[in-house]
Structures are given as C-alpha cells and as structure tokens.
Amino acid sequence: MIPRHLAAIWCVWMISLVAVSPLLFAADWEGLPVVAVQFQPQNSERLLMPIATLQELIPQKTGQPFRGADIRESIHRLFATGRFADVQADAQPSGDGVSITFLLKSRYFIGLVNVQSDVSPPSTNQLHNATQLRLGQLFDEAQIQPAVEGLRRILEQEGYFQPRIEPHWQPNPQTQQVNLDFVVQAGEQARIGQVIVTGNSVLPPQVLIRQANWDAEEKADSSSVEKGLAGIRKYYQDNDYLAARLLLENKQFHPDSNRVDLQLNVEAGSKVLVTVTGASVSRSQIRRLIPVYEEGMLDEDLMDEGTRNLASYFESQGYFDSSIQAERESRGDDGIVLNYRVNLGTRQRLRDIRLEGNSYFQDAVLLERMQIEPARWTQRHGRFSTRLLERDLATIRALYQANGFLQAVIMAALEKDSDNGENELMVTVQVQEGPQMRVGNFNILGARSFSPENLQSLVNVASGQPYSESLVAADREAILNFYFNAGFPSASFQWTATPSEAPNIMDMEYVLEEGEREFISNIFVDGLEFTRRGIVNRQLQFGNGSPLSQSALLDTQRRLYDLGIFTQVEMAIQNAQGQERQRNVLVYMEEAPRYTVRVGLGADVGRFGGNTEETQEVEGAIEISPNISFDATKINVGGRPHTLGFRSRFSSLQKRSALTYIAPRLFNNPWLNGSARAFFDETRDVRTFTARRWEGSMQFEMKKGRSNTFWSRYAFRRITVDTDTLRISENQIPILSRSVLVGFVDQNWARDTRDNPTNTQRGSFTNADAGVASSWFGSQADFTRFVFQNSTYHLLGGRVVLARSFQLGLQAPFGEGRRITVASDGSVSQEILTREIPIAERFFAGGGNSHRGFAVNQAGPRDPETGFALGGNALLMNNVELRFPVWGNNLGAVLFHDAGNIFARIKDLTFRQSQRETGNLRYVSHALGFGLRYQTPVGPIRFDLGRHMNPPSFFVRGADGAMATQSLSRWQFLVSIGQSF
Amino acid sequence: MTLRLCLLFLLVPSLLHAEIVDRIAAIVGNSVITSSEIMEEANYRAYINSQPPVDDARMRDISFIAAVQDRLIEQTLLAEAQKGFPQASFGDESQFEQSLQKLRSRFPSSEALHSDLARYALTEEHMIAHLREEQAIMAFVDFRLRPQVRLTEDQLQVYYQQTLLPQLRSEGQATLPPFDDVKAEITRVLTEQEINRLLDEWLKNLRSSASIKILE
C-alpha cells in the first residue's frame, strides 16, 4: 500500500514533468551526430520497401549531423513513395549523439473486389464497374460509401429499388492489399407504374404510351424501359417527326406497391419530310442514305452528310459529275421539308487510269493505294469522283514524301476517251518525283543502358536511306516501346535534322533520355480457389527483380486467359502513382465456373433413309433426321487447365457419345497439347450398313509457329457391323460382318494460312495424314493409309473468291491377313484368310462436303448384287468453286465443279472421264452446280444444287432374281452449315 | 517500498526522453505539410508582421495553428496548380532582390540580421526561400487571374460616384478630382479587388476538388 503523501508527491511530479516536458526535453538536436536512422512500421505490418532503399532515399544519413531541414525533406520523400499514409520522425539521445526513428504507417491498396449478387442483370462486370474500385489503386475507407451508392444506382436501373448491400473488407498487412466483398440482396424487382408525359408531345400521350407496349406487369428494368422508349421513338419517326426528343426525366418509386412511375419529357419538334428531286431514289434508299432518320435530329452537319452519301450513291452508278444541293424549307404547322435537289449530269464510265513520270514506284504500287477504280464486270462504271481523286493524289504525294521525295508534285488530268464515245473517262496521273533527300550522318545519343548497335536494329533510319519524317515517327514509337518494355517508363525521345553541305543530304540525330529504371519487387497473386499456384507461376513472363515491362505483363495476361480456366485476369501495378523504383505487381484472377451443361436440339436434312427391304433405294430418300445433344464439361480439373468432357448426340441417323480428357500445354510447353478420348458411335449415314464403333484414343498435338500443327495419334477401336442391315452380296456378309479390332497409329500435319477458316478469302490449307494399323498396335487388320488434301483460296477482286481443293486417299492391306471362320451352306464351317480392310474403315465420298453429284457416301464401288455403296481403298477428289456476293454482306452464291470418285483398290485409280460399261465404276465422275450461301454468326448456311454429268450405272438383282440396270439420280439438293471446303 | 518509488520517480523522465521532432500534419493531394513547416510559417508571419516570436503556448492554440495550416494548404494548392505551367517561370528577380535588400537594410550588419532571425528560429536561407515562394505564387495568381478581369466603364463610374467621392468628402477634401484623373487609380483598385474575389473563388474550387486530410 503506497502511503498517501508519497502518492500525492508522485502525481505532482508527473504533472509537472508533462507540463514542462517540451521545454525540459526539447533538446536542440540541431548539429548533433546521428548515430542511427531506423524505420519502424506503426502497426504489425511488413515494410514492403527494403530498408536499404529507404536509407538511400532520405537526405538524413547515419554519421551526419542532425538537420531539421533534412528531417523535413526525408518525410517529404518518404511520403512521395506513395507507400505511407503517415510518417513521423522520433529522436532519442544515444551516447554523444541522437538516434532517429521514422515511424511509418503503411497505405493500403485495392485488391480483389468481389460483388456477390442474387440477380443478373446487372452482370458481374457491370456491378464491379459500378463500385469504381480499381485493382492497385489507393484504398481509403471513404471510398466504400460511394461504391455502395454506385451499386445502388445500377440496381435501380434494373428495377431493384430496395437492395441490401453489405460491404466487407479485409486488409492484409503483409501485402498492403485490401480485398473487398459486397454482398447484394437485390430484393423484389419493381414493375412499371404510371407513365406521365410532359413537354410538347403533339401526339396524344395515351397513344404514345401504347407504343411503348408496357403491360401491367412489365418489369422496370433497363431493357424493358429502353424497348418502350424505342417504340415511342419509332412511332414519331413513322409519323415524320424525325427530330423528336425523348427523355426519361424521373423515376418515382413507391415502396408500398413496388411500382415505379416514369416521367417522360417529350419534344416532338416539327414534322420533317425528306425528298429528293432530280433523280429517282426509293424511300428505303433515302432512309438509308440520309442520316436524319438514324440520328433523330436535323442540323447542318447531318444535312451535309446526307449530301455526301447521295453523291457517293450516284457516283457508284456512274454519275461522277452529279451536284446536290440541300434545301431546308419551313412550312409552318406543316413542318419542315428537307429537299435534296440533284443534278445528275452525264453518266460516265471510268475506262482507265494511267500513270506517267513515276520511276521510283511501279504502277502497281501506286494503283493499289488509289480509291478510284476503272470499270470492270463487278463495277460497271468504275469508281470516281473529284473528291476521291484529290484524296488519291494526296495519298501518292504522302507516299513519295515518306520516301524522301520532299518536292514531289502529283497532278491529274481528265480526258474523255474520244475513241469510245464522250461518256468514257480516262484519268492520267502525272508524277514529278524531284530529287530524293537522303540521310547523311546519323547518330543515336543518350543511350546508357543499351548499346547504340542494339538500338540501331530497332530503327528504320540509317545513313543513305531516304529521309522521311514518318519514318522518324515510327522509330520514335519503336524506341520508346523498347524502353517502356525494358523498365524505363519515363524515357523520352527527341530528334534533330540538319541539312548537310552536300545537296539533298540531311544529317540526323536521335537524343534519348532514359530516366529511372523500375524493377519488380514483389508479385502478389490472388483469386485462386481451385487452380494450382504452379500453373499460374509457369505463365508469368517476369519475376522478382526483373525490369518492369508492359509487354511482359500483357503477355502474361494473354497466357493466363489462354489456359481457358479464368473468366477475368486483372493485372495492375500497386501504388502506380507513387515515386518508387521497386514496384509490386498484382495478378488477380476470377476462376471460370468449372461445370457446364448444354442441351441442344437440331435436325439433319439430306438423302438418308431407313434400312428398307427395297433394294432399289440404294441412294435412300430425302429425309429429316431430328437430333438431341447433351454435353457436360468440367474445366480446371485437379487445379490444372485440363478439361474433362462428355458429349452425346442422339438421332434416327446416329447415336454417339464421347468422354474426352484434354491436357493442353503439356509440361508447360505452349506448343504441346495432349488428349485422350473414349468414344461410342452407332451410325447409318452409309446406306449399306449400320456400324457400331467403340474407340479409345490418345493424341499429342504440337504447334510449330502460327501455321503448322502436327498430331500424333493412337486409336484402338472395335467396329461391329449389324448383319441385319448389311445390303451386300451374301457371300460378302460373313467377311464384312465380322467385328474387327483396329489399332491405328497415325501422324498428321496441317498447314493453315487461311485468313478466316469459316469464310476464307485468301490463303491455303494443306493436310497430310499417314498411318498404319498393325498387330503391333493390337490390330486384327493390317493396313496402311495415306490421305492428302490441299485447298487454296484466291481473292479475284471485289469479294469474288476462287476456291479449289484436291484430295487423294490411299490405303492398302499388308501382311498375311487375318483368319476368320465362316459357315458355308449354313452348316459347315471353314477358316479363311482375308486381307480385306473392314468396310467401316474404307473411304466413302459423296454429299455436301466431297462430291455434290452424289448423295451422302454414295460414290464409288457398289455391291454387284444389291447395288449399295461399298466404299473403297482409294479416294480422288477435286473441287473448284467460284464464290461471289449476291446481295449485301449476307447473301452470296457459288458455282461449283466437283470431280472424282472412290476406287476399290489403289491400282483402280484412273483419270478416265467416262464409264466404260455398266457396272465398271472406275472413272472420274463430274458434277456442276449452283449454291446459295447465307452468312450467320456461326458460318454460312449452304444450299447446293448439283447435277451429275456422268452418273454411274450398275447392276442390281431385283426381287424376281433377275439383274437389272440402275443409275443414280442426276440431281442432288444439299443443305448444311459452313463452306464445303 | 521507498526504493521502488524512487526508482519510479527516476524512470519516468527516461520514458519521456524520445521526442517527436517532426511529422505530417496535413496531406494535400500528393503533397504533405509537416509540423515543422507550420511552426516555421507561423514564425515567418510573426517576423514580417513585427510580432513576437511564436512560443509553445501559442503553438498549442488550435485556432491559431488552424489558420497557419490553412494558409499553407492554400499555398500548396496554388503550387500544385502552378505545376501545370512547367514552361513558364513566375516571379520577378528584380522585385525579389528589392524585397531582400529592404530586409537587410533594417540591420547594421548581417550578424545583427541573423541574430534577429534566430529569435524566430529562422535563418536567412529560410527568408530567401519564403520570399521567392511568395513572389512566385503572387506572380502566378496574377498571370492566371488578371486576364479574367473585365471592368466596364459603368463599374468605374459607380466606384467613382458611390465610393471615392463620398470618401474624399468625408476626409474634408474641398476639391474633388475629375473622373479622368483618377480613372487609372480606380481601375487599379477595382482590378485588385476583382483579383482577390476571383482568387477566393478559385481557392474554394481547388479545395473542393482536392483531397485534403488533416492528420493532427
């Protein structure tokens, strides 16, 4: 127990100490030696900046005298790093000097922002954007409320006026990051209540509201509201109020009824009637060409744009000299008339374009840069106007100047071609190139971190090269990009050009300022729940200590997206505004939903048919086969970018299911992918039989560059042919009906340079596949197979494409063959040796993707008794198509020629063009035809009509047992999706 | 027990030995104002206004500190705005030299000047830095705001009639100068008033758009 008088003395002592402590202990630190400078975090944080970096940064150093000004400047510099929310300098006597401690309170930065909502729309992305919180930005608790307000606003747009939004945030002192979660319970979606129309609507409000088509239970979401407003706008347009203004001014929500009243402000404006006089233009063309309709307003700029559009339209029809005057006339209550007065002038045809005086550039180089075009069969009058010609002359002039011809003069002369009538026009472009300015001495100065030779390889400018400012601009971009990607974000570039004493020579210098180099200090990865961290690490194109490179960040982002297991990959620099050279990189990912289930319905249309008893139906009949498909997929299997998928399809034509495992980027090689598949298929797309196939396969895919891909495959399958469905000679049934195990190894190479695989205009596709089935691989049938395909595509002009494709397939059995037991005369069994390649392994052709003179899989050898297609061991096919537009961008047509056939054996291959005798099917079949193509987002829908020019005739045993002659039909009609090749 | 109390008496002073020598007082955008800067500014104002040096008691006056801090915040906001014109240099060197000379001429020697400044914990370098900064800010404000001043003839007349003449009359001036004689002076006065008004508005805008945080 402390005596009372001593406690009182102690209190007085404490109070006096505190009262006078500033005076008593306000030691004059100035000038005292600083024995230690320390840095201490204020909370239990880790200092992300190395101590050595901090010590180097500040002017107050250990061993130097204490200076108040240095302490102040140290605080400024520490704050300027952007890492610290507060800095305090404490001093304490230490021996003969003073020890200084900087207390640092770390700043936090925004990390993962997760918005969990029980409704959609708005989408996750919209909600995320509404918070205005960006990865890597400085975090302040004051940002939470505006984020919540942003969420509230976007939910109200979708009709949710009473949401509950709970924000949570968790700072991580180790990374200085704060992850934020917003839990949104949207509540009940409001319905549209009353609609109040204000302003000068002219048309009755009740009529307008009816145009919106909002019923009593219409949801008050953005799409319903916009659709309604669009309906009202369209009504005004249809009634010629082209400049009507519609504004949703206010939404009044009533919580008791959960309805929202809409207040629309409408200004109808004047009626606007658009007319064109002096030329015949349809109403639909006027609506397309005059932007007043689309923009919903009437001003000078839009009127001028309408004039230009009309001029282009008439130019395309050969009226190169048309003049158009836009006149606006107000007719009081009757509205405004916008009249385009057209004077078409003479219809002309641009016959030819000549170039004179050019020697540095060939004609082809200049012509391909010109927009005016002479007449050709796709453009009967050519393309010409004085405006286009002036642009072309400017383009050619710029081309010459970019190559050092600073004094180039480009002019054009127009001539009427008197030999062909006064309506034929000829343009002569006269080029006076002048002297070419070249670069004399050229130096790159200021490069400290890279050798001039290194930089020289990046630039276009060099001694002796043509002098061109556009080349300098390109060099500037190349050099700055190089420096930005090497960790120099503040690099700058200047250049000078000085005329040399020698004529037409310019001396040049590039002066660089590199600035400070920035490096990566830490890499923070977040957002992984199922994915293995190692998978992400292997995609990173940078590491701790490497220079901060924007291209490496973008490359990493692309690689992470390519894994196919993330819906979002965000990358940012922590504290981007701060002045520090050691940067932390943030990599935040959102994993995609792992499970996907799809159910689909569809139909196949073509010449198929059930297996009927009627043997004359060798080609089958036109049939629609509906189908249903079911797919289930799991991605991110085992935390890796692997996919496990199940696909199935059922129809009257086909039953198919497959279980697939795909492992891309094997051993972290982006060019090596592996897959394994187990597959069951029962199909009757060949009329001759129904086959069941069970197959397991493994495949490795290697991509070499952009165009070349190699596959190595091993497949093991068992194919059983349903004997009851075999439409072949009886003596063949025992052989061809046996189920056969086939173990097949093949190597495939593809080279693809097509510009667009679904609708190719340029490029080529070449594919070669060589394989062998052998007992070494568990196969009961031994044979080799080789298939080759080459397709090329040529853009002729306009959008006309010449496409051609050649296919050759060869397969041959080898070895002794396989032994099978057959019963002859129904009772006695005997063992025979056969080298027949199983019927299901043979080549089949015919149909929309091979030969359009035949129905599906109907080409080639036929059974001598039943007449059904047997397939063969050799395939020869050549296809040529001329593809051209018919109307707009969506409707096109083709003219095609398909030639080729299937042959029983390789030695049966022939180029004979006609059938020698009935039943001899060794010749090349030809088909000519026409098709229509309609473009859809998934590719063109194809309608083809083919005429078989030399259909085969063959023998068929009739029901009466007598042999009869039958021919395949001449006409085939085929429907499918995608181009034929 | 007595020994423990003695040890406690001796221990407390050592616990009070570590001292905060400087810290961030306010954050204005990307800049900071430290406690030492507030102290220095307060002493500078006291010096040029011929007031006694600021003591610790005055430094504990919250309203006084807030006023000094506000002034520094405004200077910081204007300095930030000035960074938007990197090519221009503000401040007249001859005017600065004049102000410095005026200061020096008040003392018989540089030692006397330094001794006087030391009472306010200031040095000649401090004074030079403050003078330069003030001049630069004033020149920048003038550069930005003077072109925005538009005075009409009516405004000059109204000032002449309603402010200047009554003032001269109240001072007992018998002969009142004609308008044309004082027009230039009226223009100068009204321009200054207008610049001040625009400056207040500008500072208000800068404050509302800037992020300002007071830490102590």
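Residues numbered from 1 in each chain as written. Chains lettered and ligands numbered in written order. Predicted model: local features only at pLDDT ≥ 70, side-chain atom pairs only at ≥ 80, totals over all residues. Heavy atoms only, no water.

K.L.:
I would appreciate a short explanation of the overall build of chain B in the present structure.
P.N.:
In terms of helices and strands, chain B carries 9 helices and 3 strands. Secondary structure elements of chain B occur, N-terminal to C-terminal, as α-β-β-α-α-α-α-α-α-α-α-β. Computed over the C-alpha atoms, the radius of gyration of chain B is 24 Å, more than 25% above the 17 Å expected from 2.2 N^0.38 for a compact globule of 216 residues. The C-alpha extent of chain B, read off along each of the three principal axes, is 90 × 45 × 40 Å. Counting every position in chain B, which comprises 216 residues, the buried fraction comes to 35%. Here the analysis covers contacts within chain B between residues at least 6 apart in sequence; of these, 75% occur between residues at least 24 apart. When the accessible surface of chain B is totalled, it reaches about 13,200 Å², and 54% of it is carbon and sulfur. Each charge class in chain B was averaged separately, 22 positive and 32 negative side chains, and the resulting centres sit 4 Å apart. (Helix = DSSP H or I, 4+ residues; strand = E, 2+ residues; numbered from the N terminus. Rg over C-alpha atoms; globule rule 2.2 N^0.38 Å. Buried < 20%, exposed > 50% of the residue type's maximum accessible area, 1.4 Å probe, protein only. Contact = heavy atoms within 4.5 Å. Areas by Shrake-Rupley, 256 points an atom, 1.4 Å probe, with all protein chains shown as cover. Lys, Arg positive; Asp, Glu negative; His and termini not counted. Charge placed at Lys NZ, Arg CZ, Asp CG, Glu CD.)

K.L.:
Mind showing me how you'd approach the environment of Ile186 of chain B here?
P.N.:
Residue and element names in this part refer to chain B. Within the fold, Ile186 resides in helix H9 (residues 179–209). By relative accessible area, which is 2% here, Ile186 ends up buried. Each C-alpha atom, one on Ile186 and one on Gln155, is 9.7 Å from the other, the two residues being 31 residues apart in sequence. Excluding anything up to four places from it in sequence, Ile186 contacts Leu156, Tyr159, Tyr160, Leu164 and Phe179.

K.L.:
In this structure, what is going on with the nonpolar core? I would like to understand it.
P.N.:
Side chains that are nonpolar tend, in soluble globular proteins, to be buried together. The biggest cluster of nonpolar side chains holds 39 residues, and the ones touching the most others in it are Tyr47, Leu78, Val141 and Trp202 of chain B. At the level of elements, strand E1 (19–28), helix H2 (35–48), helix H4 (62–82), helix H5 (93–104), helix H6 (110–118), helix H7 (124–145) and H9 of chain B are the ones that each hand at least two residues to this core. No other element matches H4 of chain B, which puts 7 residues into this core. Excluding residues that lie within four positions of it along the chain, Leu78 of chain B makes contacts with Ile137, Phe140, Val141, Leu199, Trp202, Leu203 and Leu206 of chain B. Membership of the second largest hydrophobic core comes to 25 residues, among which are Val272, Leu302, Val342 and Leu344 of chain A. (Core = buried A, V, L, I, M, F, W, Y, C linked by side-chain atoms within 4.5 Å.)

K.L.:
Is there a simple way to think about the sheet that holds strand E9 (residues 259–267) of chain A in this case?
P.N.:
Backbone-to-backbone hydrogen bonds join strands into a sheet, with any given pair of strands oriented parallel or antiparallel. Residue and element names in this part refer to chain A. Ordered by their spatial adjacency, 3 strands build an open sheet running E7-E9-E8, and the pairing between neighbours is mixed. Edge strands, defined here as strands with exactly one partner in the open sheet, are strand E7 (191–200) and strand E8 (245–254). Sheet twist, expressed as the average angle between the axes of neighbouring strands with direction ignored, equals 20°. Bridge count between E8 and E9: 9 bridges; the pairing is antiparallel. (Pairing = 2+ DSSP bridges. Axes fitted to C-alpha atoms, helices over the stretch in contact; angles between N-to-C directions.)

K.L.:
I keep staring at the side chain of Asn258 of chain A and nothing clicks. Help me out?
P.N.:
All names here are of chain A. Residue position: Asn258 is located in the loop between E8 and E9. You can call Asn258 buried: its relative accessible area is 11%. If we ignore the near neighbours within four places in the chain, the residues touching Asn258 are Gln162, Glu188, Gln189, Ala190, Arg191 and Phe253.

K.L.:
Just to check I follow, could you spell out the packing of helix H6 (residues 205–212) of chain A against helix H7 (residues 222–238) of chain A for this structure?
P.N.:
All names here are of chain A. Orientation of H6 relative to H7, taken along the N-to-C sense of each, is 125°, at an axis distance of 7 Å. The orientation of H6 relative to H7 falls into the category oblique. Here H6 and H7 pass one another in a crossing that is right-handed. Between H6 and H7, the residues in contact are Val207, Leu208, Gln211 and Ala212 and Gly228, Gly231, Ile232, Tyr235 and Tyr236, respectively. Each residue belonging to the contact of H6 with H7 can be placed in one class, and the counts come to 6 nonpolar, 3 polar and no charged. (Parallel < 35°, antiparallel > 145°, perpendicular 65-115°, else oblique. Left-handed = near helix turned anticlockwise from the far one by under 90°. Nonpolar A, V, L, I, M, F, W, Y, C, P; charged D, E, K, R; others polar.)

K.L.:
What exactly am I supposed to notice about the pairing of strand E30 (residues 763–773) of chain A here?
P.N.:
Regular strands place side chains that alternate from one sheet face to the opposite one. Residue and element names in this part refer to chain A. In terms of residue burial, E30 counts as a mostly covered element, since 8 of its 11 residues are buried. Taken together, the 9 bridges between strand E29 (residues 740–752) and E30 define a ladder with antiparallel strand orientation. Within E30, the position partnered with Trp749 by the bridge is Ala768. Of the strand pairs in this sheet, E30 and strand E31 (residues 783–797) are connected by 11 bridges, and their pairing is antiparallel. Bridge pairing in E31 links Ser764 to Thr792.

K.L.:
Whenever I open this one, helix H3 (residues 68–80) of chain A confuses me. Can you help?
P.N.:
In an α-helix there are 3.6 residues to a turn, and that puts residues three or four apart on one side. All names here are of chain A. For H3, spanning 13 residues, the distance from its first C-alpha to its last is 18 Å, which sits close to the expected 18 Å at 1.5 Å a residue. Of all the positions in H3, only Asp70, Ile71, Arg72, Ser74, Ile75, Leu78 and Phe79 are classed as buried. Looking one or two places after H3, you find Gly82, whose phi comes out positive at around 85°. (Expected span 1.5 Å × (residues − 1).)

K.L.:
Hey, could you run me through unusual backbone geometry in this one?
P.N.:
Generally, phi is negative for residues other than glycine and the peptide bonds are trans, each holding for most cases. All names here are of chain A. Between Ser120 and Pro121 the backbone carries a cis peptide bond, its omega angle lying at 5°. Here Pro121 is to be found in the loop between strand E4 (109–117) and helix H4 (124–130). Across the junction of Pro121 and Pro122, the peptide omega takes the value 5°, indicating a cis bond. With respect to the helices and strands, the residue Pro122 is situated in the loop between E4 and H4. Positive phi, close to 55°, is recorded for Asn636, a residue that is not glycine. Mapped onto the secondary structure, Asn636 falls in the loop between strand E23 (621–635) and strand E24 (643–651). In the Ramachandran plot, Arg665 falls in the positive-phi region, its phi being about 55° despite a non-glycine side chain. Examined against the element boundaries, Arg665 turns out to sit in the loop between strand E25 (654–663) and strand E26 (672–683). Judged by relative accessible area, Arg665 falls into the buried class, the value being 16%.

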